[in-house]
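A closer look at the structure
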Amino acid sequence: MAARAVCAAAYGMTRLQRGHHSFLAAIPVAARAPKTAPAGAPPAYWAQACAELSESDRILKKLIPLFEPAAAHQRRDPFITLARAIVGQQISVKAAHAIWMRIERAYPALTPAQLAQCEHDSLLRCGLSKRKTEYILDLAHHFSTRAVQADAWEALDDEAIIASLMRIRGIGRWTAEMFLIFNLMRPDVLPLDDLGLLRAISLNYFSGEPVSRSEAREVAANWQPWRSVAVWYLWRSLDPIPVNY
């Protein structure tokens, strides 16, 4: 297993050269290189990360240019990031986006105080499950009562932030890792519970063969200290819609 993962980058490149099935080749040309980047500024380290990843990983060397100049962009509001990540749990990017748009239309202010006072049924009508509705309301209550101290998270290391967030109902490790990537813009997060990431590694490095978390971790060792950036581009290989929470 270890040897298979260690050889993944070279194996994936050979597969591309032989002309076997490549998921990259299946991405529509129009989706490969967006004409404009999303609004906002990417983190200061993004260009350096892309350059170093392209040097260290043959698959990423081919993948990154397909989506330039697109990059991850920081979302300043921690409540919104966490709420969007809860909405996105275990559903597709497209479905999560549609539900979030309905929530935005119903509650344009999108403040914790506003959502904490909303009716349970109104969130259900936006497309949320009963459980996710309860999670969003609980999250809003935590923020509106200042039961969480979001200002303190910036000074903590990744694992301390994950532990703090997982005390909130409905937030597991994956949701906390999305917060690290998209709100705090931490550069070296590897969300091994993300099924999309495992699928992208399978398609791009192993010709579609299933991969374990252990194998994914070994492949990703080559991406340090920029694993968040590599993960973002692998997500893009599955879905041209930029992942953003």
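Each chain carries its own residue numbering, running from 1 in the written order of its sequence. Local features in this predicted model are restricted to residues whose pLDDT is 70 or higher, and side-chain atom pairs enter the listing and the counts only when it is 80 or higher, whereas totals over whole chains, interfaces and linings include all residues. Values shown for side chains rest on all heavy atoms present in the structure; no hydrogens or waters enter the calculation.

1. Quick word on the overall build of the protein chain
- Helix and strand content of the protein chain: 15 helices and 0 strands.
- Type-normalised accessible area, obtained with a 1.4 Å probe on protein chains alone, sets the label of each residue: buried when under 20%, exposed when over 50%, and partly exposed for intermediate values. Taken over 245 residues, the protein chain has a buried fraction of 48%.
- Only heavy atoms enter the contact rule, under which two residues are in contact if any of them lie within 4.5 Å. A separation threshold of at least 6 residues defines the contact pool for the protein chain, and within that pool the share at least 24 residues apart is 71%.
- Summing over all exposed atoms, the protein chain offers an accessible surface of approximately 11,900 Å²; the carbon and sulfur share of this is 55%. Numbering of helices and strands starts at the N terminus; helices are DSSP runs of H or I of at least 4 residues and strands are runs of E of at least 2. For accessible areas, the Shrake-Rupley method is used with a probe of radius 1.4 Å. Any residue's cover is judged against the shown protein chains and nothing else.

2. Comments concerning the layout of surface pockets
- Size it by volume and the largest pocket reaches roughly 530 Å³.
- Put plainly, a pocket is an open set of points on a 1 Å grid over the protein atoms alone with protein on both sides within 12 Å along at least five of seven lines, a cavity is a set where a 1.4 Å probe fits but cannot get out, and a lining residue has an atom within 4 Å of a point. Lining the largest pocket are 19 residues; nearest its centre among them are Gly88, Ile91, Trp174, Asp194 and Gly196.
- Of all the secondary structure elements, the ones that give two or more residues to the lining of the largest pocket are helix H10 (130-144), helix H13 (195-205) and helix H15 (227-238).
- For the lining of the largest pocket, the leading source of residues is H13, giving 3 residues.
- For the lining of the largest pocket, the per-class residue count stands at 9 nonpolar, 5 polar and 5 charged. Grid points are joined across faces, edges and corners, and a volume is the space filled by probe spheres set on the points. The nonpolar class holds Ala, Val, Leu, Ile, Met, Phe, Trp, Tyr, Cys and Pro. Asp, Glu, Lys and Arg form the charged class, and all remaining residues, Gly among them, are polar.

3. Some details on the nonpolar core
- Counting 77 residues, the largest nonpolar core has Ile103, Ile201, Trp223 and Tyr233 as the members making the most contacts within it.
- Here isoleucine 201 is in contact with Phe206, Val211, Ala216, Val219, Trp223 and Leu234, once residues within four sequence places are set aside. Here the nonpolar core consists of buried residues drawn from Ala, Val, Leu, Ile, Met, Phe, Trp, Tyr and Cys, with membership extended through side-chain atoms lying within 4.5 Å.

4. Description of H15
- In this analysis, the expected span of each helix is defined as 1.5 Å times one less than the number of residues it contains. Over its 12 residues, H15 runs 17 Å from end to end, which matches the ideal 16 Å to within 8%, given 1.5 Å per residue.
- The complete set of buried residues in H15 reads Arg227, Ser228, Val229, Ala230, Val231, Trp232, Tyr233, Leu234, Trp235, Arg236 and Ser237.

5. Let's talk about the side chain of lysine 132
- Residue placement: lysine 132 occurs in helix H10.
- As used throughout, the charge tally considers Lys and Arg to be positive and Asp and Glu to be negative, leaving His and the chain termini uncounted. Salt bridge, as used here: a side-chain nitrogen of Lys or Arg that lies within 4 Å of a carboxyl oxygen of Asp or Glu. Buried and without a salt bridge, lysine 132 has aspartate 194 as its closest oppositely charged side chain, separated by 12 Å.
- Polar contacts, as used here, are pairs of N or O atoms within 3.5 Å; protein pairs need one atom able to donate a hydrogen and one able to accept it. Residues neighboring in sequence count only if both atoms are side-chain atoms. Side-chain polar atoms of lysine 132 contact the backbone oxygen of glutamine 89, separated by 2.6 Å.
- Residues in contact with lysine 132, not counting those within four places in the same chain, are Ile86, Val87, Gly88, Gln89 and Ile91.

6. Thoughts on the environment of arginine 76
- Residue placement: arginine 76 occurs in the loop between helix H5 (58-63) and helix H6 (78-87).
- Residue classification places arginine 76 among the exposed residues on the basis of a relative accessible area of 68%.
- The sequence separation of arginine 76 and leucine 184 amounts to 108 residues, and the corresponding C-alpha distance is 8.3 Å.

7. Considering the packing of H13 against helix H14 (residues 213-220)
- Under this scheme, a helix contributes an axis fitted over its contacting stretch, all axes are lines through C-alpha atoms, and angles between N-to-C directions fall in the 0 to 180 degree range. Across the interface, H13 lies against H14 with an axial gap of 10 Å and an inter-helix angle of 65 degrees. One way to sum up the angle between H13 and H14 is to call them roughly perpendicular. Between H13 and H14 lies a crossing of left-handed hand. Of H14, the residues touching H13 (which contributes Leu198, Ile201 and Tyr205) are Arg213, Ala216 and Val219. Roughly parallel refers to an angle under 35 degrees, roughly antiparallel to one over 145, roughly perpendicular to one between 65 and 115, and oblique to any angle outside these ranges. Crossings are sorted by hand: turned counterclockwise from the far helix by less than a right angle, the near helix makes the crossing left-handed, and turned clockwise it makes it right-handed.

8. Considerations on unusual backbone geometry
- Residues glutamine 224 and proline 225 are joined by a peptide bond in cis, for which omega reads 5 degrees.
- Relative to the elements of secondary structure, proline 225 occurs in the loop between H14 and H15.

9. So, the confidence of the model for the protein chain
- Of all residues in the protein chain, 83% have pLDDT values of 70 or greater, and the mean over the chain is 83.
- For every residue, the pLDDT score states the predictor's confidence, bounded by 0 at the bottom and 100 at the top. Of all secondary-structure elements in the protein chain, the lowest mean pLDDT belongs to helix H3 (residues 29-32), at 32, while H14 reaches the highest, 97.
- Across residues 1-39, where pLDDT falls below 50, the model places 75 contacts with residues more than four positions away in sequence or in other chains.

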